[in-house]
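Notes for the structure review
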Amino acid sequence: MRLINLIYGDIKFQFKYGFYFIYAIFTIMYISIILFLPLEWKEKAAAVLIFSDPSAMGLFFMGAIVLLEKSERVLSTIAVSPVRADEYIISKVVSLGIISAISGASIALSADAKNMLIVITGVIAGSALFTLIGLIVAVNINSLNQFVTAAVPIEIIIFTPPILYLLGYDNKLMLLHPGCIIISMISGSSDYILFLPVFIIWFLFLYKMARINAIKMFQSLGGIKL
C-alpha cells in the first residue's frame, strides 16, 4: 500500500510540475513529423523518436525530479520516514514508465507499428534503464548545470551505438549494449531475444548502483534506508 501511495504521489508531483504537459507537446510534435514522412522512412524514424524521447527522457526528468525534491525538502522528509530506498526507486521507475508507455505507444501507432506489445515493452524497459541512470547521476549533484554536464556524455555513450545499429551497422555484438537491445525491441526486430539475459544483467547492475546511491543520499539527510 505504501508503494502504491508513493507512485500516486510521484504521478501527482510530475503532473504538477508539467511533466505530462511536456510529454504531450513532444508526442504531438513527433506524431506530426511522422505523419508527413514518406512511408519507407516512418518505421525507423518512429524508432529513433521513441527511443530518444519517451524512453530516454527518463534520464533528464529524473534529474529534474531529484533537484526539485531537494529544493522542496521532499527528500529530507522521505529520509526520516519509513519509506525504503527500494520503494523510492521503484516508484520513480513505474511513474516515469507510465508516461513513457503512453507517449511511446501513441508515436508507434502513428507509424503503424506492427508488434505494439513488444514496442511498449521496449519503451518501458528503456524508460526504466534511463530512470536508474538518471537517479545515479542526480543524487550526486546539486544543480541543473552539474546534472547536464554529467548527463550529456552519458547520453552520447547510450545513444550512439543504438542509432548506428538501427541505421544498418548490425553487428550482433552491438546487442551487448543495452540501448541496442531496447531499440531492437522498439523497431520490431527479433534480434533482442537472445540478448534479453544481457539486458537483465545491465538492469540489475544499474538498480544495485541506484540503490547504493539512494541509500547514501538518504543517510546524508539523516535517515537510514535499507
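Whatever comes next refers back to the structure up there.
Once a new chain begins, its residue numbering starts again from 1 and follows that chain's sequence as written. With the structure being a predicted model, the display of local features is reserved for residues of pLDDT at least 70 and the display and counting of side-chain atom pairs for 80 or more, all residues being used for whole-chain, interface and lining totals. The side-chain numbers reported here are obtained from all heavy atoms of the structure, hydrogens and water having been left aside.

**Points about the layout of surface pockets**
The probe, sized like a water molecule, is rolled over the atoms to show the empty space still left. In plain terms, the rule: Cavities and pockets are found on a 1 Å grid laid over the protein atoms alone: a cavity is a set of points where a 1.4 Å probe fits but cannot escape, a pocket is an open set with protein on both sides within 12 Å along at least five of seven lines, and a lining residue has an atom within 4 Å of such a point. Grid points are joined across faces, edges and corners, and a volume is the space filled by probe spheres set on the points. Starting at the N terminus, helices and strands are each numbered in turn, a helix being any DSSP run of H or I of at least four residues and a strand any DSSP run of E of at least two. Residue type decides the class: Asp, Glu, Lys and Arg count as charged, Ala, Val, Leu, Ile, Met, Phe, Trp, Tyr, Cys and Pro as nonpolar, and the leftover types, Gly among them, as polar.
The computed volume of the largest pocket comes to approximately 200 Å³. Taken together, Leu129, Ile133, Ile154, Ile157, Ile158, His177, Pro178, Gly179, Trp202, Phe205 and Leu206 form the lining of the largest pocket. Elements represented by at least two residues in the lining of the largest pocket include exactly α7 (116–138), α8 (144–166), α9 (178–186) and α10 (196–220). Along the lines of polarity and charge, the residues of the lining of the largest pocket split into 9 nonpolar, 2 polar and no charged. Each pocket or cavity is described by its volume, and for the second largest pocket that value is around 160 Å³. If you trace the second largest pocket, you find 13 residues lining it, with Glu43, Ala113, Lys114, Ile186 and Ser187 closest to the centre. Residue contributions to the lining of the second largest pocket peak at 4 residues, all from helix α3 (residues 39–55). In terms of residue class, the lining of the second largest pocket is made up of 8 nonpolar, 3 polar and 2 charged.

**Description of the packing of aromatic side chains**
Applied cut-off: Only the six-membered ring of Trp is used, alongside the rings of Phe and Tyr, when aromatic pairs are assigned; centres must lie within 6.5 Å, and planes under 30 degrees apart are stacked while those over 60 apart are edge-to-face, with the rest tilted. Note on exposure labels: buried denotes an accessible area under 20% of the residue type's maximum, exposed denotes more than 50%, and partly exposed covers the range between, all computed with a 1.4 Å probe on protein chains only.
Tallied over the entire structure, the rule returns 11 aromatic pairs. Each ring, one from Phe15 and one from Tyr20, has its centre 5.9 Å from the other, and the planes form 55°; the classification is tilted. Here the aromatic rings of Phe60 and Phe147 are separated by 6.1 Å at their centres, their planes lie at 75°, and the arrangement is edge-to-face. Linking Phe60 in helix α4 (residues 57–71) with Phe147 in helix α8, this pair joins segments that are 87 residues apart in sequence. Residue classification places Phe147 among the buried residues on the basis of a relative accessible area of 1%. Ring pairing ties together the aromatic residues Phe19, Tyr23 and Phe61, which thus form one cluster.

**A closer look at a nonpolar patch on the surface**
Formally: Only residues whose relative accessible area exceeds 30% and that form no salt bridge enter a patch; like-charged residues are grouped when within 9 Å of one another, and nonpolar side chains (Val, Leu, Ile, Met, Phe, Trp, Tyr) when within 5 Å. In short, Shrake-Rupley with a 1.4 Å probe defines the accessible areas, and a residue's cover is counted only from the protein chains shown. Salt-bridge detection follows one rule: a side-chain nitrogen of Lys or Arg within 4 Å of a carboxyl oxygen of Asp or Glu.
Judged by side-chain polarity, Phe60, Leu144, Val148, Val152 and Ile156 come together as a nonpolar surface patch covering roughly 410 Å² of accessible area. Here the nonpolar patch gets 4 residues from one element, more than from any other, and that element is α8. Along the chain, Ile156 falls in helix α8.

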